[in-house]
Each structure stands twice: as structure tokens, then as C-alpha cells.
Amino acid sequence: MKLLLVEDDPSMQATLQRTLSRRGMEVTCCGDGRQALAAWQTGRPDVVMLDLTLPGMDGLQVLEQARRGGLATPVLILTARGTVGDRIIGLNTGADDYLPKPFDLDELEARLRALGRRRAQDAGNTTAAGVHAVGDLRYERDSGAIYHRDEVLELTPRELALMHALMAKPGHAVSKERLFELVFPGEAEVQYEAIEVVVYRLRKKLTHTGVTLMTLRGLGYLLKAAT
């Protein structure tokens, strides 16, 4: 598993790199936010472990820019900021998991491998070229971007997460419950109906693409290309 470790503390970075490398991971390290974003874009890691307090660019800014740029790599936030508010902010920005310091190395490894398995499972649902298509829409798994013909669709992180889920299974309905889990991971305070707001906004952005986001009563949502 290719891991991008973003940690500005040299001692912590060295310890984690040594420990995780011994456990079979290919670890690339960065201690600066801007360098981390560049390494993420070019290195295509399987999982990103991201500290929040970084020089150059805050970890949340790195995450926000990565998600806005279509990078869908699973992210584990690792930080001394252990309050519920910080956790919610991180998850809202697009993180997949959160582990406060201090932590147990066995638990850290287990969480990283769980995220790696999730990415591998998602990749197993793609075509040989790593591309899904519905009508004139195209989802490229490597970059995480959604294209309408040759133009990248401008989507929020939540709209992007919803599109990823729908385009991973073209022609199949995805339940509202599953979409809520993917779009609002771990956000117990968010009302269940919030997924409908994301669907409504996404429908407006798909108006001129020739693809319709349909509601199938009792089944969920489905992307359908115009015939």
C-alpha cells in the first residue's frame, strides 16, 4: 500500500515512517502543506495520513484543495486537535477517518489498512481503463474528477462524493441510506434529509449534460443518460 504521510514533527515523522515501512507499507513523507498537495497530485497514493497543523498550508486547506481538484484518495486525519468540533470540520472537508494523538500504532495500522481495502474495493468496480461513463459524463478513478465531454464539472466535495457513488455502479440505483453514509460520513448531527439538498443542487448542475439524476421510489437514486 502506498501511503503519503503528512507530518511536520521530524521525530514523529521518522518514527511513523520506520514503523509503517516495517509493516509493509511504501511510505512517502512530507512536512509542509504545499509540498504535500503537490506530492498527492503527482504520487497518487492509496491512502493519505494528514496532520492538521502544518507550515505553508494548514492540513484542512490541503484537504479542501485536494477534494476540489478531484482527488478522491481516502484520508485519515491524525492530529492533536481532539475536540468534537475539529473532528466535524475535518469530516465535513472530506476526510474519511480521524485519529487523535496520542494513538496506538496497531489501531493506526488497522485504520490505514481499512481505508486501503476500501480504495481497492472501489477500484475493483471500475473498468479496465479505470473509467466509468454515463452518457457524456465520465468519471476517471485515478484523478477522481467528473468530466462532461472534455470539461471538468465544478462540484462541491459532497456533490462529488455523491457522483462517485452513482457512477461507480452505472445503471444501478444506490439507496438513500448508502449515499448518506458516503456524503456525510460519521456526521451524526446532520439530518437525514440533507442528502436531498445535495441531490437537488446536483440535479441543477446536470441540467445541460444530457444525464438525469432520477429518484426511484423505494430504491434510491440513479443516473440515466438521455436516449
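This is a predicted model, so every value here is computed, not measured.

Some words on the environment of Gln65
Considering the arrangement of structural elements, one finds Gln65 in helix H3 (residues 59–68). In sequence terms Gln65 and Pro157 are 92 residues apart; their C-alpha atoms lie 9.8 Å from each other. Apart from the residues lying within four places of it in its own chain, the contact partners of Gln65 are Leu37 and Met57.

Here's the deal with the pairing of strand S11 (residues 220–225)
As defined by bridge partners, strand S10 (residues 211–216) adjoins S11 across six bridges and the pair is classed as antiparallel. By the bridge assignment, Val211 is partnered in S11 with Ala225. Counting the residues between successive antiparallel strands, the hairpin from S10 to S11 contains three residues, one of them, Gly218, with a positive phi of roughly 85°.

Describing the confidence of the model for the protein chain
Across the protein chain, the average pLDDT comes to 84, with 89% of residues at or above 70. The model gives residues 124–128 a pLDDT under 50, and that stretch makes five contacts with residues more than four places away or in other chains.

Focus: the packing of helix H7 (residues 176–183) against helix H8 (residues 194–205)
Contact geometry of H7 with H8 gives a least axis separation of 10 Å together with a crossing angle of 85°. Relative to H8, H7 is oriented roughly perpendicular. Mapping the contact onto sequence places Lys176, Leu179, Phe180 and Val183 in H7 and Ile195, Glu196 and Val198 in H8. For the contact of H7 with H8, the per-class residue count stands at five nonpolar, no polar and two charged.

A look at the environment of Arg34
Note on placement: Arg34 falls in helix H2 (residues 33–43). Residues Arg34 and Gln61, spaced 27 residues apart in sequence, show a C-alpha to C-alpha distance of 9.5 Å. When near neighbours in sequence (up to four residues on either side) are disregarded, Arg34 contacts Gly56 and Met57. At a separation of 3.3 Å, a polar atom in the side chain of Arg34 contacts the main-chain carbonyl oxygen of Gly56.

Let's talk about the pattern of salt bridges
Overall, the coordinates contain twelve salt bridges when judged by the stated rule. The closest approach of N and O atoms between Arg23 and Glu109, which form a salt bridge, is 2.7 Å. With a gap of 86 residues between them, Arg23 in the loop between helix H1 (10–22) and strand S2 (26–30) and Glu109 in helix H5 (residues 105–124) connect regions that are remote in the sequence. In this structure Arg23 comes out as partly exposed when scored by relative accessible area, which is 28%. According to the relative accessible area criterion, Glu109 is buried, its value standing at 16%. Within this structure, Arg23, Asp106, Glu109 and Arg113 form a network of salt bridges that share partners.

Remarks on the sheet that holds strand S6 (residues 131–134)
Spatially, S6-S7-S8-S9 is the arrangement adopted by the four strands of the open sheet, whose pairing is antiparallel. Unpaired on one side and paired on the other, S6 and strand S9 (151–152) mark the two borders of the sheet. For S6 and strand S7 (residues 137–140), the ladder comprises four bridges, and the chain directions are antiparallel. Within S7, the residue paired with Val131 across the bridge is Glu140. Across the sheet, helix H6 (residues 157–167) lies against S6, S7 and strand S8 (146–148), angled at about 95° from S7, the strand it touches most.

Regarding unusual backbone geometry
A cis amide bond links Lys101 with the next residue in sequence, Pro102, at an omega value of -5°. Note on placement: Pro102 falls in the loop between strand S5 (97–100) and H5.

Digging into the pairing of strand S4 (residues 75–79)
Counting buried positions along S4 yields five of five residues, so the element is predominantly enclosed. In S4, alternate side chains face the same way, and those of Val75, Ile77 and Thr79 on one face and Leu76 and Leu78 on the other are all buried. Inspection of the sheet shows strand S3 (residues 47–50) paired to S4 by three bridges, in the parallel sense. Looking at S4, one finds that Met49 is bridged to Leu76. In this view, the connection linking S3 to its parallel neighbour S4 by way of H3 has right-handed handedness. Relative to S5, S4 runs parallel, the two being bridged by four bridges. Residue pairing in the sheet places Leu76 in a bridge with Asp97 of S5.

Each value, and the rule that gives it
- Residues numbered from 1 in each chain as written.
- Predicted model: local features only at pLDDT ≥ 70, side-chain atom pairs only at ≥ 80, totals over all residues.
- Heavy atoms only, no water.
- Helix = DSSP H or I, 4+ residues; strand = E, 2+ residues; numbered from the N terminus.
- Contact = heavy atoms within 4.5 Å.
- Pairing = 2+ DSSP bridges.
- pLDDT = per-residue confidence, 0-100.
- Axes fitted to C-alpha atoms, helices over the stretch in contact; angles between N-to-C directions.
- Parallel < 35°, antiparallel > 145°, perpendicular 65-115°, else oblique.
- Nonpolar A, V, L, I, M, F, W, Y, C, P; charged D, E, K, R; others polar.
- Polar contact = N/O pair within 3.5 Å; in protein donor to acceptor, adjacent residues only side chain to side chain.
- Salt bridge = Lys/Arg side-chain N within 4 Å of Asp/Glu carboxyl O.
- Buried < 20%, exposed > 50% of the residue type's maximum accessible area, 1.4 Å probe, protein only.
- Right-handed = clockwise from strand over helix to strand, strands pointing away.

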